[in-house]
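Topology and contacts: notes
If you want the building blocks of each chain, they are given just below.
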Amino acid sequence: MQQRFLGKTGLKVSELCLGTMTFAREADEATSHQLLDRFVEAGGNFIDTADVYSTGASEATIGSWLSKQSRDEFVLATKVRFPMGDGANEVGLSRKHILAGVEASLRRLQTDYLDLYQVHCWDARTPLEETLSTLDGLVKRGVVRYIGVSNFTGWQLQKAIDLSRQHGWEVFSCLQPQYNLLCRSTEWDLLPVCQNEGLGVIPWSPLRGGWLSGKFRRGMDQPLSGSRIEKAEQEGWGESWSNYNNEHTWGVLDALFAVAEETGKTPSQVALNWVLCQPGVTAPILGVRTMAQLEDNLGASGWTLSAEQLGRLNSASAQPAPYPHDFIADAQQRR
């Protein structure tokens, strides 16, 4: 597995990141530790979690594994924002919640520093200056090496970058957005900001909850029993069957299966490699619950889709840009 710089920083991370939302949920501690061992054996050093994953249990599972490792060999990332209890201040991006959150994450992870600390989502109730100045203080204290952001819009991300630069605070080093063959709206605003400002991009849900894993193909009339898509339908999650059972999705999957057959790779490996090939992307985040899934996903690295294959996947997955992107593109062509 190759190493890549995280944006314009000097921090090197593996080109695949191991996501751990499944830890202590679908994967018990023993299985989770085996997944970590295999990921490291394959050359991975980048591990992503969040305090809210199983209400801290994912972090604790990583911590029990990390305590037996050489800490400095790994790039450990976690996040803060969502509720960790019922208290009025146990949620959000206030100074109080961030400071309490980082200390709790450090305890659960059994480490005295975090390589990457990310705000998990925009918080409209907290002044951005309060959040950014607090994160800057954590970097100055040395308990956090780099800071990142997830689930911001383009203008929110640019405003945060500009405010940090204006005040001389630490600037975000990376963005963790949803990005995959079924979600390309990330390209309209977020990726241009990241490329212009030098942020790394570490996409979550590169297989869109399983839609791009090879389990789904044209002709199916309901989600597979026991699949994440079935649960998403029951819970009303974004990747639900109702949201994606349409001609656009089936067209993308047709192209995905065709390219997989040509390359001798699995559909999930092709979908992950597509993300790896996109400009500005540092490392897609793998979301696995079994060793078989991890082994399959690891096969996404070490090779590259051809320009023609990328073009076909791009064409199949393209969606009309909304206003004003469409208007600007048309005007630019008429110069």
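Scope of this entry: the structure provided in the associated data block. All values derive from a computational prediction rather than experimental measurement.

**Examining helix H11 (residues 291-298)**
Three or four residues apart is the spacing at which side chains of an α-helix point the same way, because the helix has 3.6 residues per turn. Those residues of H11 lying buried are Leu 294, Asp 296, Asn 297 and Leu 298. Check the buried side of H11 and you find it contacts strand E3 (17-19), helix H1 (29-41), helix H10 (267-276) and strand E10 (285-287).

**Points about the sheet that holds strand E7 (residues 144-150)**
Taken in spatial order, the 8 strands make up an open sheet running E9-E8-E7-E6-E5-E4-E3-E10, and their pairing is parallel. Strands with a single pairing partner mark the edges of an open sheet, and in this sheet they are strand E9 (200-201) and E10. Examined bridge by bridge, E3 and strand E4 (residues 46-48) share 2 bridges and lie parallel to one another. Across the sheet, the residue bridging to Gly 19 is Asp 48, located in E4. Packed on one face of the sheet, H1 meets E3 and E4 and runs near 170° to E3. Together, strand E5 (75-80), strand E6 (114-119) and E7 form the strand contacts of helix H3 (residues 95-109), whose direction differs from that of E6 by roughly 140°.

**Here's the deal with the packing of helix H5 (residues 154-167) against helix H6 (residues 190-197)**
In contact at an axis separation of 8 Å, H5 and H6 are set at 25° when each is read in the N-to-C sense. As judged from the angle between their axes, H5 and H6 are roughly parallel. Seen along the crossing, H5 lies across H6 with a hand that is right-handed. Residue-level contacts link Gly 154, Leu 157, Gln 158, Ile 161 and Arg 165 of H5 to Leu 190, Val 193, Cys 194 and Glu 197 of H6. Looking at side-chain class alone, the contact of H5 with H6 contains 5 nonpolar, 2 polar and 2 charged residues.

**So, the side chain of Thr 49**
For Thr 49, the location among the structural elements is in the loop between E4 and helix H2 (57-66). A relative accessible area of 0% places Thr 49 in the buried class. Setting aside chain neighbours within four positions, we find Thr 49 in contact with Thr 20, Ser 58, Glu 59, Ile 62, Ala 77, Thr 78, Lys 79 and Leu 109.

**Quick notes on the nonpolar core**
In terms of nonpolar packing, the biggest core is built from 81 residues, with Tyr 117, Val 144, Leu 157, Phe 172, Trp 211 and Leu 212 touching the most fellow members. Sorting elements by how many residues they give to this core places helix H9 (residues 247-263) first, with 8 residues. The residues touching Phe 172, leaving out its near neighbours within four places in the chain, are Val 119, Leu 132, Leu 135, Ile 147, Gly 148, Val 149, Leu 157, Ala 160 and Leu 199. Counting residues in hydrophobic clusters, the runner-up holds 12 residues, among them Leu 6, Cys 174, Ala 283 and Ile 285.

**A look at the packing of aromatic side chains**
Under the definition given, this model contains 12 aromatic pairs. Plain terms: the ring middles of Phe 216 and Trp 241 are 6.4 Å apart, the flat faces sit at 45° to each other, and that makes the pair tilted. Here Trp 241 lies in helix H8 (residues 241-244) and Phe 216 lies in the loop between E9 and helix H7 (228-235), a separation of 25 residues in the sequence. With respect to burial, Phe 216 and Trp 241 carry one shared label: buried. Consider the rings of Tyr 323 and Phe 327, whose centres lie 6.3 Å apart with planes at 70°: the pair is edge-to-face. Neither Tyr 323 nor Phe 327 differs from the other in exposure class; each is exposed.

Scoring rules and cut-offs
- Residues numbered from 1 in each chain as written.
- Predicted model: local features only at pLDDT ≥ 70, side-chain atom pairs only at ≥ 80, totals over all residues.
- Heavy atoms only, no water.
- Buried < 20%, exposed > 50% of the residue type's maximum accessible area, 1.4 Å probe, protein only.
- Helix = DSSP H or I, 4+ residues; strand = E, 2+ residues; numbered from the N terminus.
- Contact = heavy atoms within 4.5 Å.
- Pairing = 2+ DSSP bridges.
- Axes fitted to C-alpha atoms, helices over the stretch in contact; angles between N-to-C directions.
- Parallel < 35°, antiparallel > 145°, perpendicular 65-115°, else oblique.
- Left-handed = near helix turned anticlockwise from the far one by under 90°.
- Nonpolar A, V, L, I, M, F, W, Y, C, P; charged D, E, K, R; others polar.
- Core = buried A, V, L, I, M, F, W, Y, C linked by side-chain atoms within 4.5 Å.
- Phe/Tyr/Trp six-rings, centres within 6.5 Å; stacked < 30°, edge-to-face > 60°.

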